[in-house]
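# Coordinate inspection notes
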Amino acid sequence: MMPILVIGGGPAGVTAAKSLVDKGGEVVLVEKTDSLGGRAREWTCKGLVECRNCGVCYAIDRAAELLTQPSVEVLLLSNVTFAQKSEEGFSVKIKSSPRYVTDDCIGCGKCVAVCPVDGKAVFPPTGSGQPRVHWIDRDKCLHFKKGKCSACAEICPTGAVDYEDRARNITRNVAAVVYATGIEPIEACEMNRLGCGRYPNVISSVDAEKTLNEKGRLARPSDGKAPKKIAIIQCVGSRSVKVGVEYCSKFCCKYATKISQLLLDIDPEVNLDFYFMDLRTLYEPQDEFKVWAKAKKTVKLIRSMPAVIFDRPDTGNLLVRVASETDLEIHESEYDLVILSVGMRPHDATGDIAKSLGINADQMGFAATTSDLEKSGVYVCGAVTQPMDIEETAVRAMAIASKIKTREGGT
Amino acid sequence: MNAKIQVVLCKCCSEMPKLLNIARLEKLASESGNVLSVMTLDGLCDGKELTQIVAEARAKEIDRAIVLACQKKDVSPALIKAYRRAGVNEYLVGIVNIREEVVLPHTAEPERAQTKAETKLLAAIARSRLLQPLERSSEDMKTRNVVIVGGGVAGQAAAREAAKYGVHTIILEKTGKSITAPGVVMPRARLIGGKGYGGNFELRIKVGESVEDLGAASIVVASGGGWATLKGALAKTVKGALPLYEFYQKLQLDQVPAGTVVFMDTPDPAGKTLKVQDFAWDDTLETAIELKKKRPDTAVFVVFQEMRASGLSELAYKEAAEIGVKFVRYDRSATPKVDPKDPTVLTVKDLSQGEVLKIKLGAMVFASIPASQDNQIIAEALRIPMSPDGGIRRGSIQRGPVSTPKPGVFVCGSALFPKSRDVAAAEGEAAGKMAGEFAARGSIEYGGIVAQVTQEKCSACLTCVRTCPYEAPFIGTATKAEIRVQACQGCGMCVGICPSKAIELLNYTDDQIMTESKTLLGGDF
Amino acid sequence: MTEPRPKIVGFCCERHGMDAVVLAARSGKQFEVSVRLVQVPCTGRVDGMHILRSLEEGADAVFVLGCLEKNCYYDTGSIEGRKRVGYVKQMLSELGLEKERVEMFNAASSNSWVFPEIVAKMVEVVRKFGPVGGEKR
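Conventions and cut-offs
Residues numbered from 1 in each chain as written. Chains lettered and ligands numbered in written order. Predicted model: local features only at pLDDT ≥ 70, side-chain atom pairs only at ≥ 80, totals over all residues. Heavy atoms only, no water. Helix = DSSP H or I, 4+ residues; strand = E, 2+ residues; numbered from the N terminus. Buried < 20%, exposed > 50% of the residue type's maximum accessible area, 1.4 Å probe, protein only. Contact = heavy atoms within 4.5 Å. Areas by Shrake-Rupley, 256 points an atom, 1.4 Å probe, with all protein chains shown as cover. Domains from an automatic or database assignment. Salt bridge = Lys/Arg side-chain N within 4 Å of Asp/Glu carboxyl O. Nonpolar A, V, L, I, M, F, W, Y, C, P; charged D, E, K, R; others polar. Buried area = accessible area lost by both parts, 1.4 Å probe. Pairing = 2+ DSSP bridges. Axes fitted to C-alpha atoms, helices over the stretch in contact; angles between N-to-C directions.

This brings us to the overall build of chain C. Scanning chain C for helices and strands turns up 4 helices and 4 strands. Helices (α) and strands (β) of chain C occur, in sequence order from the N terminus, as β-α-β-α-β-α-β-α. Principal axes of the C-alpha set define a box for chain C whose edges measure 40 × 35 × 20 Å. Burial statistics for chain C: of 137 residues in total, 66% are counted as buried. By sequence separation, contacts in chain C at least 24 residues apart represent 79% of the contacts at least 6 residues apart. Total accessible area on chain C stands at roughly 4,700 Å², and carbon and sulfur atoms take up 51% of it.

The structure is reproduced here in structure tokens:
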């Protein structure tokens, strides 16, 4: 039986892969980064006592589970370099880059501590990604660039550093392809939107999630102190004609409201102002967040988008200026931390491999799955097709896997 | 005490030989009572060393094993298979998580870590001595029926997907509408009761006026939202209020009444039901755009509190605004009203303009999808939990996005929470896959780590019955609690809560748990 | 002078409770050695008796770690676990022991920081209130 190729190891890819092998299938999963889990690796669980249904642990659990499945060949740090339709499906070539660290790695991080490279050349697995094995970036590593330095190999307690690791060129014949390359965040900070990238205490939701996932609390970048007066601003880069994208990224309200609730769990005395246009809390009653906010005396919902943010260099605080919806007056509020909820773009649906698979992305970069595409054996899956949260991604991935199994080879 | 224990040390997991002194662990193991075999292997993950284990286990006639390795998930399936070949009951194989509990987190304190490892070994041995071999049984599924409650978008999708697994799909549709789907479609059929467990459910259904019994291997709840019913102050007062999909049909047939059309987000803007009502925004915007294009001179309003057209539907919002659909936002301080004395005029305060609009109605259309009233009946029939807003509650996401807490019962679509048709269809497919795969197994396995009642101690207080999410405990003919083993998931909630201590969880008895904790506390580290 | 070593027992569920421990360990996190973990299928299995007996047999503090509420693999298990812990807390004050010595925690499998923080909290409790029985070990 020929395996199915799954391109992408995020929530869509790992869910599809697991569903495909559930009743005796085989999968080759190609993931370009060091570990499975996708963007969810650097997103935080949003509950402290009670689950808030964000789906992050689901993605991590599926990623960990996939590594225990004997009929899944997981290729990390790998890319599909060639794909061509064949009689029985597709002939694909995969370049698997060397990791330089073996499974003996215990994740102690001593290698990172001794690495002399500025910005480091050896890294832990991304966020909560699986497997928990470090990896070396050859392009930054002095051992490869200058032929000297074995600091990490020398300090590794288990001898897990393997400079002899080599790239592999792998050929596989597969029956079908699931294309699940996921998303990338909108480049709000790179565009210095609302002071992000200029003022230290304006951070993106991506940064906030990463910090919360690593440390369990937020700290102001300027002085490391816990924030006491936070502004969260929605729709940064989404629903916009001028900046970013015109569509709604769909899951930002869901995540931002849950992060707000988590921040209040962590510090019940935090003041939090939530700036938004429309409250799109997916699959929850639209009043639920409002009811919660009302009960918390320190949370305010402000239906207006700030036009400009000024900084106060002496304290690092931010002044947010906004026109109120009701009285049309200008209000200014001071915060010690501002979080911009950035939206998402589809990732990598327009490149050569996508094209050779017959995938046509629209001008926004989304690649819908079509019946012609499916007939040819290619299925596009997950948020690369349209904005969706982890739960919807999982459901659609299961549906697609089921479709493939019952069409391609029978059950 | 007849236990014959084999201790296996995985060198790889006890990695950093400089941290753990394997020789001391081996010595401690071999000096412990009941330990007949001690083996140290380089690694267990690739399976090659397992044949050695099997050979040694057979030779020494061991009946139970302790493996010092890492978290079970990586190691256990192959290990348990190997031990089965050696004649060792799978429930007598205990894996001690040396790697993540001792080796990795205590690198700066090797001596204390060593003592801890030795103590964990002793605790595992002490616990192992007390364990019983446990057996699993299997029971054939009496039917291959996948019963799908609801023949809407999600239900039909579920039936189509489930049928691919060679099972027999039966849709229970409460209305008389005609549905194209594989398997059987029963019109005017409702679920009114049920018992049993995943694989063998016995359902009670009402078809028309008659009551029938129906067996099911698995169940998909796809009861949808109650969009066809318009309950609320506005719907009552306005003449000719229409649900969205009826309006859409009329639009296709050019039968829409003349005059201004208002799409309202809810027929009950001031009511408590706002919590539940959500708007099928994708479909509403599509309809509003089509209407405006067909009738450019008709005034079209969309009146709402929150504009929830998310994802790519945002582009429809933009398009609708550009072709002249008027969007009016209100809030709870001034909800839209219709004067009963003049039910053709809608009064609404537009927040963004600050003005009060009086709209002469040609038609008022509601796309709101409140929770179906049937959810309560279905939830009671199957004893699955409801969410606070009247939908069916999904179980833990650990069980997947379309699972209820009951194995074999799945839920999808607007029954979970009102949503657009294409997401409902995808959920239906996912639920159909899960239900189809479940039923296709043909039999269920049960037993092993399950609850067991000592009837003499039971005072029939019903606490266990009320606590169990799976309906495993029940009061039997002896007026004492019994455990329906096929339903028992082995969580031990009933055991922990029983005030008479009449229930034990096999291989997690109080004695076994407390022996382990006591031994652990005996170590000096 | 060395601090007396806190003896801490933790009852962890085999799902997200243990997953949180494993992720912390596999992320290089270090925590207090004298934590002793007892794995149970679900924290709903934990009986008040297990907690009290641990305190009798040398534990200075006991915690119960389960899945997040509503995300419990067995649906209501970690809610039951919290009830048991609450029940024991009440009994502790009658026994003259500080309520803080027994605590319920919840975690998800994707959090590497939560388990070390739980251990640190319990270590701090023992440092603050001293060993049970007031003896040095």
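After presenting the structure, the write-up continues.
With that settled, the discussion passes to the domain arrangement of chain B. In many analyses, interface size is given as the accessible surface area lost on bringing the parts together. The domain architecture assigned to chain B consists of domain 1 (5-134), domain 2 (145-226 + 372-444), domain 3 (233-366) and domain 4 (448-506). Centre-to-centre, using C-alpha coordinates, domain 1 of chain B lies 68 Å away from domain 3 of chain B.

Another aspect to go through is the interface of chain C and chain A. At the junction of the two partners, chain C supplies 21 residues and chain A supplies 23 residues. As a salt-bridge pair, E50 of chain A and K70 of chain C come within 3.0 Å of each other at their nearest N and O atoms. Here the side of chain C that touches chain A takes 4 residues from helix 1 (residues 16-25) of chain C, the largest share from any one element. Here the residues of the side of chain C that touches chain A are counted per class, giving 5 nonpolar, 9 polar and 7 charged.

Below, the discussion takes up the interface of chain B and chain C. Facing 51 residues of chain B, the contacting portion of chain C comprises 48 residues. Carbon and sulfur atoms supply 53% of the area that chain B and chain C bury against each other, a total of about 4,200 Å² over both sides. Among the residues of chain B in contact with chain C, Q398, M514 and L521 of chain B are the three that bury the most area, contributing 17% of the side total. Applying the counting rule to chain B against chain C returns 6 salt bridges. With a shortest N-O distance of 2.5 Å, K501 of chain B and D47 of chain C are connected by a salt bridge. Elements represented by at least two residues in the side of chain B that touches chain C include exactly helix 3 (72-85), helix 4 (98-103), helix 5 (110-130), helix 14 (493-497), strand 25 (503-505) and helix 15 (510-522) of chain B. Looking at the side of chain B that touches chain C, its residues break down into 20 nonpolar, 14 polar and 17 charged.

What follows concerns the sheet that holds strand 10 (residues 200-207) of chain B. Residues and elements named next belong to chain B. Overall, antiparallel pairing links the 3 strands, which are arranged 9-10-11 in an open sheet. What marks the edges here is a single partner per strand, and that holds for strand 9 (189-197) and strand 11 (210-216). Strand-to-strand twist across the sheet, computed as the mean angle between neighbouring axes with direction ignored, equals 20°. Sheet topology places strand 9 next to strand 10; 8 bridges connect them, and they run antiparallel. For Y197, the partnering residue across the bridge sits in strand 10 and is N200. Each of strand 9 and strand 10 touches helix 11 (residues 374-382); the most contacted strand, strand 9, lies at about 25° to it.

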